[in-house]
Amino acid sequence: MNYSNSYDFEEIREETMERILGLLNDKKYFKARDEILKLNAPDIADVLDEIEQEEGEKAVILFRLLPKDISVDVFSELSSDDQIKIVNIITDKELEYIIKEMDFDDKIDILEELPANVVDKILEKTPKNERKMINTFLNYPDTSAGSLMTPDYISLQKEWTVARAMQHVKDVGMDAETIYTCYVKDAGRKLIGIVSLSTLVVSDDNEMIKDLMRTEYVYESVYDDQEVVAADFVKYGFLALPIVDNEHRLVGIVTVDDILDVIEEETTEDFERMNGVLDFDTVERGYLDIPVIKHVINRLPWLVILMVSYVVTGSVIAKYEVLISDQSSLVVYMPMLMGTAGNTGSQAATLVIRGIATGEISTKDVVRVLSKEFRVGFIIGAVLSMLNFFRIWVLEGEPFTIAVTVCASMFAIVMFAKVLGAMIPLLAKLCKIDPALIANPAISSISDTVTCMTYFTMAAIFLGV
């Protein structure tokens, strides 16, 4: 029995782990296997990973007891470290079976992560014709469409009838990555059209494929970036996308399950970049698997850069030391102004970065984006200023001039931060820099400095100091 996807695995993890570990400690391995087989393959991989951390070799023992067909699915879900341990322990016959039965695209993903000596061991057990194809796929850049694709697709000939095409689908469908879209090639393997399974099912048996196929279709090159491929899936809602070489020969397809992994990786990478993490090992290895020193190396550079940038902010404050000493109440409102500037700038930057990532915003839209954020900043700045004016003057009883100084500064700072938050990602994109890498750190340092300068300038104007 398998648990449905709607069942919260976290709720049963602890109970399941306790039962399995108890059975393993009692050396009741087959009963432990029966218990773990109640789970789906990804959940089994999670459990084996936890067992490996606590019991080491018992995870491998339990893996080897899994039915062969399930062991293939579980192996593809394991971390690269666990895969290496299993490859080094299981027999050549077991390894040969796993590699033979694994989906081609999963096989490529795994081989890209494993050490060279392990890859060599696996390729030794691979048939010669498939080994050549694997080597070709491994030579594509890691983030290209070629590295994502699989050659397991259904191809048809334009001269075939629907009846022959349907029989071909039945013959090879079990080995294909998807059967819902079929690809029509000419004698030179060039892609000339696509036809859906639904079209074949409802068409007359004697109709020709050339009369049913669509000759206008979306495709990508093997060297196109995976983000471009992901954008096509999001835009068109594809289940699969054909990938062609420079001569428009069909070399593979990318399916939606692989794109979900790409979207997760890109989202994780952007999140880390926006928060000043320079290295992206957590995309592949996971937070807990990375050594402490690696985390330090990843995070420290941006923190040092930002720390140095605040020297400028400090010098601005020092310049107005006399003003601060005369009007000490001004200091109370500085954290609020600096925090608001950073938050409003980050809001704008996040939305613009998302728009750039989804293709909704390009560098051509700079005027429209800045105009919109200027108007948004005007309204938000006005509302926040009025709320603070009421709080400072009426509720807190501060002098009118102090309230005006703070609120005028708030209005100007919010407008500036909104425009800055929208401008930095667009400038970064124009300079061919990843906007997520520079946006938040730049907004943080620039907005703080500008906030101090604006605030004390307003104080000098309204307080006459």
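Per chain, the residues get numbers from 1 upward, laid out in the order the sequence is written. The predicted nature of this model means local features are confined to residues of pLDDT at least 70 and side-chain atom pairs, given and counted, to a pLDDT of 80 or more, with totals for whole chains, interfaces and linings taken over all residues. Only hydrogens and water are set aside when side-chain values are computed; all heavy atoms of the structure are taken into account.

## Considerations on a negative patch on the surface
By definition, no residue in a patch forms a salt bridge, and every one has over 30% relative accessible area; like charges are joined within 9 Å, nonpolar side chains (Val, Leu, Ile, Met, Phe, Trp, Tyr) within 5 Å. Per-residue accessibility takes into account occlusion by the displayed protein chains alone, with areas from the Shrake-Rupley method and a 1.4 Å probe. Throughout this description, the term salt bridge denotes a Lys or Arg side-chain nitrogen within 4 Å of a carboxyl oxygen of Asp or Glu. A positive count includes Lys and Arg, and a negative count includes Asp and Glu. His and the chain ends are not counted in either. Here the site of a charge means NZ on Lys, CZ on Arg, CG on Asp, or CD on Glu. Side chains of D46, D69, D73, E77, E101, D103, D175, D257, D261 and E264 sit close together on the surface and give a patch of like negative charge. Every helix listed is a DSSP run of H or I at least four residues long, and every strand listed is a run of E at least two residues long, numbered separately from the N terminus. Residue assignment for the negative patch shows that the elements contributing at least two residues are helix 5 (68-77) and helix 16 (256-274). On the secondary structure map, E101 appears in helix 7 (residues 92-101). You can call E101 partly exposed: its relative accessible area is 41%. Only protein chains enter the calculation, and the probe is 1.4 Å; a residue is then buried if its accessible area is under 20% of its type maximum, exposed if over 50%, and partly exposed in between.

## Some points on the side chain of T340
Tracing the sequence through the fold places T340 in helix 20 (residues 334-358). Residue T340 is classed as buried on the basis of its relative accessible area of 15%. The residues touching T340, leaving out its near neighbours within four places in the chain, are L384, M410 and V414. The contact definition used throughout considers only heavy atoms, calling two residues in contact when any of these lie within 4.5 Å.

## Thoughts on the sheet that holds strand 3 (residues 191-196)
Between any two strands, pairing holds if DSSP finds at least two bridges. In space, the three strands of this open sheet follow the order 1-2-3, with mixed pairing throughout. The open sheet is flanked by strand 1 (155-156) and strand 3, the only strands paired with a single partner. Note: strand 1 against strand 2 (residues 181-185), two bridges, orientation parallel. Directly across from L156, in strand 2, lies its bridge partner V184.

## Quick notes on a nonpolar patch on the surface
On the surface, Y180, V234, L239, V256, L260 and I263 cluster together into a nonpolar patch covering about 570 Å² of accessible area. In terms of residues, the nonpolar patch owes the most to one element, helix 16, which gives three residues. The residue Y180 is located in the loop between helix 12 (162-172) and strand 2 in this model.

## What about the sheet that holds strand 6 (residues 250-255)?
Ordered by their spatial adjacency, three strands build an open sheet running 4-5-6, and the pairing between neighbours is mixed. Each end of this open sheet is capped by a strand with a single partner; those strands are strand 4 (220-221) and strand 6. The pairing of strand 4 with strand 5 (residues 240-244) spans two bridges and is parallel. Opposite E220, over in strand 5, you have I243 as the bridge partner. Here, axes are lines fitted to C-alpha atoms. For helices the fit covers the stretch in contact, and angles between N-to-C directions go from 0 to 180 degrees. Across the sheet, helix 15 (residues 226-236) lies against strand 4, strand 5 and strand 6, angled at about 145° from strand 5, the strand it touches most.

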